[in-house]
Amino acid sequence: MRPEPGAPVGLVLPGGGARAAYQAGALSAISAMLPPGPSPFAVVAGQSAGAINAAGLACRAGDFVGAAASLVAAWSRLRISDVIRTDVPATGRRALVWALTAASGGWLVENPRSFFDNAPLAQMLAREIDFAGIDASIARGHLRALAVTASVYSDESGQAVTFFAGQPQQGEWFRMRRCGLRRRIGPEHVMASAALPFLFPAQEIEGQFYGDGALRLTAPLSPAIRLGARRLLVIAARDPEVPPVTGMTPSPYPSLAEIAGHMLDIVFNDHLDTDLERLTRINRTLGVFTPEQMAATELRPVEVVVLRPSRDLREIAGRHARALPWTMRTLLRGIGGWGGDWRLPSYLNFDAGYCAELIELGRADALAQRDEILGLFAPVAA
């Protein structure tokens, strides 16, 4: 089953840290496939670093080519110092706070809030994204909705909260451990969505503290579908190859960095893969429904195209690892993250060289799936 002609197309941009540069390259290629004009995506939903790209597209939804080019330009000139403070004084103070806290049980200094100071990221968002342009895009009809998801740390209501700006008829929703709240999207919502636990500090919004949106959003496709999208383009941040687990080859005890890398893989990618499987099962079930059964349910088919890296991003990260500041290289060596599979650096290396290679890979992969991608928009054009 396929959605009816004219069904809105949504864009889902999951998290991935520095891997989100791949999304910018893919969007650049897509912008070259289509005629110049407003964004072809009626709904844009992002989480974590994907929320940064989503906001960048939404604020310039009237000019899709220009918006995609701006994303590529921003990622191409990115430096790690634009995201986190890596200078010696800042790194030294943070290391000292952690040491004193551990040694004194928190009596000598206040408990640290994160490993890194991501204040530079807030400054970069203010430079690169015109948040007032989001409401203007919606008012002009160039965009139906922008959704940015964060995870609230509240003891009473810990859940995934999707903040969305959209047309008046789009209502809020409340489901098990996730909800959608209408808000005017600002830098605080994007900072909250990208606040990786332990690495970056939580962001306060309306008296509550929020962390990375990927933590609790077990249904990453849900916000775009809730806001009316019936066709989806998902730009993922992990290659599709999954080697079989034989259980026969002994492996050494994992380092802290390896465990952290796997944790990021889980929150950024595993939830997405599970949700895609769920969507496929629902579509197959609806395909055998009779017209009477379809009339009795609110479920409708959702078409989806998934764009994934054709190469292992860990291998690319390993070749660019020496571009990391020496303070970060020292930290990675200290926690067992230097060498090995380079999983953790593949999420944290916000260096222009690494990002540029991901951008080119995104372009190439989008062109390789050109027919599939254009198929999403063909019914709309018809």
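Residues numbered from 1 in each chain as written. Predicted model: local features only at pLDDT ≥ 70, side-chain atom pairs only at ≥ 80, totals over all residues. Heavy atoms only, no water.

A.B. asks: Report on the nonpolar core, specifying residues and quantitative values.
C.D. replies: Formed by 91 residues in total, the largest nonpolar core has its most connected members in Leu 11, Phe 41, Trp 75, Ile 134, Leu 146, Leu 233 and Ile 235. Take this core: its biggest share by element is 8 residues, from helix α1 (residues 21-33). Beyond its immediate stretch of four places on either side in the chain, Phe 41 contacts Val 9, Gly 10, Leu 11, Leu 27, Phe 64, His 142, Leu 143, Leu 233 and Phe 377. Formed by 19 residues, the second largest nonpolar core is a distinct cluster that contains Leu 221, Val 234, Ala 236 and Leu 272. (Core = buried A, V, L, I, M, F, W, Y, C linked by side-chain atoms within 4.5 Å. Buried < 20%, exposed > 50% of the residue type's maximum accessible area, 1.4 Å probe, protein only. Helix = DSSP H or I, 4+ residues; strand = E, 2+ residues; numbered from the N terminus. Contact = heavy atoms within 4.5 Å.)

A.B. asks: So what about helix α3 (residues 64-76)? Which residues, and what values?
C.D. replies: Helix length check: α3, at 13 residues, gives a terminal C-alpha distance of 18 Å against a target of 18 Å (1.5 Å per residue), a fit within 8%. Of the positions making up α3, those classed as buried are Phe 64, Gly 66, Ala 67, Ala 68, Leu 71, Val 72, Ala 74 and Trp 75. In this structure, the buried side of α3 is in contact with α1, α2 (49-58), α5 (119-128) and α14 (352-368). (Expected span 1.5 Å × (residues − 1).)

A.B. asks: I'd like a description of the side chain of Ser 222, backed by residues and values.
C.D. replies: Inspection of the secondary structure assignment puts Ser 222 in helix α8 (residues 222-226). Non-local contacts of Ser 222, meaning those with residues more than four positions away in its chain, are made with Arg 178 and Asp 275.

A.B. asks: Account for the packing of α3 against α14, with residues named and values stated.
C.D. replies: Contact geometry for α3 and α14: axes closest at 8 Å, N-to-C directions at 150°. Residues Val 72, Trp 75 and Ser 76 of α3 touch α14, and the partners they reach there are Ala 352, Cys 355, Ile 359 and Arg 363. For the contact of α3 with α14, the class distribution of residues is 5 nonpolar, 1 polar and 1 charged. (Axes fitted to C-alpha atoms, helices over the stretch in contact; angles between N-to-C directions. Nonpolar A, V, L, I, M, F, W, Y, C, P; charged D, E, K, R; others polar.)

A.B. asks: I'd like to hear about the packing of α1 against α3, residue by residue, with values.
C.D. replies: Running from N to C, α1 and α3 cross one another at 150°; their axes reach a closest spacing of 9 Å. By the angle class used here, α1 and α3 are roughly antiparallel. Pair α1 / α3 crosses with left-handed handedness. Contacts between α1 and α3 involve Ala 21, Ala 24, Leu 27, Ser 28, Ile 30 and Ser 31 from the former and Phe 64, Val 65, Ala 68, Leu 71, Val 72 and Trp 75 from the latter. Across the contact of α1 with α3, the residue classes break down as 10 nonpolar, 2 polar and no charged. (Parallel < 35°, antiparallel > 145°, perpendicular 65-115°, else oblique. Left-handed = near helix turned anticlockwise from the far one by under 90°.)

A.B. asks: Give me the lowdown on the environment of Asp 87, citing residues and values where you can.
C.D. replies: For Asp 87, the position within the fold is in the loop between α3 and α4 (88-104). Here Asp 87 falls in the partly exposed class, since its relative accessible area comes to 28%. On a C-alpha basis, the gap between Asp 87 and Ala 136 in space is 38 Å, while along the polypeptide they are 49 residues apart.

A.B. asks: Explain the packing of aromatic side chains residue by residue, including any values.
C.D. replies: Scanning all chains against the criterion turns up 6 aromatic pairs. Note on Phe 41 and Phe 377: the rings are 5.5 Å apart at their centroids and 70° apart in plane angle, and the pair reads as edge-to-face. A residue pair is termed long-range when its members are at least 10 positions apart, and Phe 41 in the loop between α1 and β2 (43-47) and Phe 377 in helix α15 (residues 370-381) qualify at 336 residues. Here the aromatic rings of Phe 164 and Trp 173 are separated by 5.4 Å at their centres, their planes lie at 15°, and the arrangement is stacked. Classification of Phe 164 as buried rests on a relative accessible area of 0%. With a relative accessible area of 7%, Trp 173 lands in the buried category. Just above the ring of Tyr 347 sits the side chain of Arg 19; from NZ or CZ to the centre is 4.1 Å. The positively charged end of Arg 333 is found above the aromatic ring belonging to Trp 338, 4.5 Å away from the centroid. (Phe/Tyr/Trp six-rings, centres within 6.5 Å; stacked < 30°, edge-to-face > 60°. Lys NZ or Arg CZ within 6 Å of the ring centre and 35° of its normal.)

A.B. asks: Please provide a residue-by-residue account of unusual backbone geometry, values included.
C.D. replies: Phi at Arg 177 is positive, roughly 60°, even though this residue is not glycine. Residue position: Arg 177 is located in the loop between β5 (173-175) and β6 (178-182). Residue Arg 177 is classed as partly exposed on the basis of its relative accessible area of 48%. Despite not being glycine, Trp 342 shows a phi value in the positive range, around 60°. Take Trp 342: it is sitting in the loop between α12 (326-334) and α13 (343-348). Take Trp 342: its relative accessible area is 17%, and that puts it in the buried class.

A.B. asks: Give me the lowdown on the pairing of strand β9 (residues 231-235), citing residues and values where you can.
C.D. replies: Successive residues of a regular strand alternate their side chains across the two faces of the sheet. The buried fraction of β9 amounts to 5 of the 5 residues, a majority that puts the element mostly inside the structure. Burial of β9 is two-sided: the residues Arg 231, Leu 233 and Ile 235 facing one way and the residues Leu 232 and Val 234 facing the other way are all buried. Two elements, strand β1 (residues 9-13) and β9, share 4 bridges in a ladder whose sense is parallel. By the bridge assignment, Gly 10 is partnered in β9 with Leu 232. With 5 bridges connecting them, β9 and strand β10 (residues 303-307) associate as parallel partners. Pairing of Ile 235 across the sheet is with Leu 307, part of β10. (Pairing = 2+ DSSP bridges.)

A.B. asks: Quick one: what's the story with the environment of Ala 7, residue by residue and with numbers?
C.D. replies: Secondary-structure assignment places Ala 7 in the segment before β1. Along the backbone, Ala 7 and Leu 71 are 64 residues apart, and their C-alpha atoms lie at a distance of 27 Å.

A.B. asks: Explain the pattern of salt bridges residue by residue, including any values.
C.D. replies: Going through the model one piece at a time under the given rule, you end up with 20 salt bridges. A salt bridge links Arg 183 to Glu 206, with the shortest nitrogen-to-oxygen separation between them at 2.7 Å. One end of the pair, Arg 183, is in the loop between β6 and α7 (187-193); the other, Glu 206, is in the loop between β7 (203-205) and β8 (208-211), with 23 residues separating them in the sequence. According to the relative accessible area criterion, Glu 206 is exposed, its value standing at 57%. (Salt bridge = Lys/Arg side-chain N within 4 Å of Asp/Glu carboxyl O.)

A.B. asks: Can you break down the pairing of β2 residue by residue, with the values?
C.D. replies: In terms of burial, β2 is a largely internal element, 5 of the 5 residues being buried. Here β2 shows a buried face lined by Val 43, Ala 45 and Gln 47 and a second buried face lined by Val 44 and Gly 46. The parallel pair β1 and β2, bridged by α1, forms a crossover whose chirality is right-handed. Where β2 and strand β3 (residues 145-152) come together, 5 bridges link them in parallel fashion. Its bridge partner lying in β3, Gln 47 is registered against Thr 149. (Right-handed = clockwise from strand over helix to strand, strands pointing away.)

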